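Residues per chain, in single letters:
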Amino acid sequence: AGFSDGGFAVNGIPYSDAMGWLDQATALFRGYGFHGGYAGQRPFYAVFLAAAYHFFGESLETGRVINLVCGALSCMFLFLFIARATGRRGIALAAVSAFLFAQQQLTDLQLLITEPMGLTFIIAGAYAWWAGLLRMNPWALFAAGALIGLSNVTRTFTMLGLPLFA
């Protein structure tokens, strides 16, 4: 089955690098450390997922719930950022609706991939940066740098692709 973005599915599941992230998180959870082809990749998502396995159990649903929470947080920070930047909640609501129901988002939120979490960090970082500049608040600017840094160790392409996602 095909997708409009040119991707394809295997056994009804959109093909992606999700198996690599699942493998790394499972290996970390079981105490084997980083290994295989993803050992040199961005570490934060696998480490976070492995930590979540300790609290909620090792399952695909744990990762999906994390991605859904990331999607909800992305929508919240995107709404706040646009509403405060433009002063219009209607524009922010329209932008968040378009973002939420985009085919890419609907696909990414179901997979164990880094995109939802990296996107959450970069949108939250952009919002903190905006708020820090408006109020000249050094703590907000520090938070912005920390969030953007977390985005880079979660999903490095996200910062460059932010205009394409949002």
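All values reported here derive from a predicted model rather than from experimental measurement. Within each chain, residue numbers correspond to sequence positions counted from 1 in written order. A pLDDT threshold of at least 70 governs which residues receive local features in this predicted model, and a stricter bar of 80 or more applies before side-chain atom pairs are shown or counted, although totals over entire chains, interfaces and linings include all residues. Note that water and hydrogens are dropped before the side-chain values are worked out from all heavy atoms of the structure.

Description of helix α2 (residues 44–56)
Here is the rule we go by: A helix here means a DSSP run of H or I that spans at least four residues, while a strand means a run of E at least two residues long, and both kinds are numbered starting from the N terminus. Given a helix with a known number of residues, its expected span is that number minus one, times 1.5 Å. The classification of residues rests on relative accessible area computed with a 1.4 Å probe and restricted to protein chains. Under 20% of the type maximum is buried, over 50% is exposed, and intermediate values are partly exposed. What the arc covers is the set of directions going from the helix axis to the C-beta atoms.
Under the 1.5 Å per step criterion, the end-to-end length of α2 is 18 Å for 13 residues, consistent within 8% with the ideal 18 Å. When we look at burial in α2, the residues that qualify are Tyr45, Ala46, Leu49, Ala50, Ala52 and Tyr53. End-on view of α2: buried residues confined to an arc of 160°, all on one side of the axis. Exposed and facing more than 90 degrees away from the buried side of α2 are His54 and Phe55. Of the residues trailing α2, Gly57 is marked for its positive phi of about 100°.

Looking at the nonpolar core
Applicable threshold: What we call a nonpolar core is a set of buried Ala, Val, Leu, Ile, Met, Phe, Trp, Tyr and Cys residues that are connected through their side-chain atoms within 4.5 Å. For this analysis, residues touch if any pair of their heavy atoms sits within 4.5 Å.
Residues Ala18, Tyr45, Leu49, Tyr53, Ile66, Leu112 and Met117 are the most contacted members of the largest nonpolar core, which totals 15 residues. At the level of elements, α1 (18–29), α2, α3 (60–86) and α6 (115–135) are the ones that each hand at least two residues to this core. The element best represented in this core is α2, accounting for five residues. Beyond its immediate sequence surroundings of up to four residues, Tyr45 is in contact with Trp21, Gly63, Asn67, Leu111, Leu112, Ile113, Thr114, Met117 and Thr154.

Let's talk about a nonpolar patch on the surface
In plain terms, the rule: Surface patches are drawn from residues lacking salt bridges whose relative accessible area is over 30%; two like charges belong together within 9 Å, two nonpolar side chains (Val, Leu, Ile, Met, Phe, Trp, Tyr) within 5 Å. Per-residue and other accessible areas were derived by the Shrake-Rupley procedure at a 1.4 Å probe size, with only the shown protein chains allowed to occlude residues. One side-chain nitrogen of Lys or Arg within 4 Å of one carboxyl oxygen of Asp or Glu is enough to make a salt bridge.
On the surface, Val65, Val69, Leu73 and Met76 cluster together to form a nonpolar patch covering roughly 320 Å² of accessible area. Note that Met76 resides in helix α3.

Some remarks on the confidence of the model for the protein chain
Defined as follows: The predictor attaches a confidence to each residue, called pLDDT, with possible values from 0 through 100.
Scored by pLDDT, the protein chain has a mean of 84; 84% of the residues are at 70 or more. Predicted confidence for residues 1–6 stays below pLDDT 50, and this span has 10 contacts to residues more than four positions away or in other chains.

Some points on α1
Relative to the 16 Å expected for 12 residues at 1.5 Å per residue, α1 spans 16 Å between its end C-alpha atoms, a close match to the ideal helical length. For α1, the full list of buried residues reads Ala18, Gly20, Trp21, Gln24, Ala25, Thr26 and Ala27. Buried residues along α1 sit in contact with α2. Backbone geometry just downstream of α1 places Gly31 in the positive-phi region, at approximately 90°.

Remarks on the packing of α1 against α2
Going by this rule: Convention adopted: a line fitted to C-alpha atoms gives each axis, helices being fitted over their contacting stretch, and angles between N-to-C directions are expressed from 0 to 180 degrees. What sets the label is the angle itself: under 35 degrees gives roughly parallel, over 145 gives roughly antiparallel, 65 to 115 gives roughly perpendicular, and the rest give oblique. Note: crossing handedness is left-handed where the near helix turns anticlockwise from the far helix by less than a right angle, and right-handed where it turns clockwise. Classification used: nonpolar for Ala, Val, Leu, Ile, Met, Phe, Trp, Tyr, Cys and Pro, charged for Asp, Glu, Lys and Arg, polar for all others including Gly.
Viewed as axis vectors pointing N to C, α1 and α2 meet at an angle of 55°, and their least axial separation amounts to 8 Å. Classified by the angle between their axes, α1 and α2 sit oblique to one another. With respect to the hand of their crossing, α1 and α2 are arranged in right-handed fashion. In this structure, α1 uses Trp21, Leu22, Gln24, Ala25, Thr26, Leu28 and Phe29 to contact α2, whose residues at the interface are Tyr45, Ala46, Val47, Leu49, Ala50, Tyr53 and His54. Here the contact of α1 with α2 is built from residues that sort into 11 nonpolar, three polar and no charged.

Thoughts on the packing of aromatic side chains
Quick reminder of the rule: Only Phe, Tyr and Trp rings take part, Trp by its six-membered ring, and two of them pair if their centres are within 6.5 Å. Stacked means planes under 30 degrees apart, edge-to-face means over 60, and tilted covers everything else.
Under the criterion given, the structure shown has eight aromatic pairs. Taken together, a centroid distance of 6.2 Å and an interplanar angle of 85° make the contact between Trp21 and Tyr45 edge-to-face. Residue Trp21 is located in helix α1, and its partner Tyr45 is located in helix α2; the two are separated by 24 residues in the primary sequence. Accessibility classification places Trp21 together with Tyr45 in one group, the buried group.

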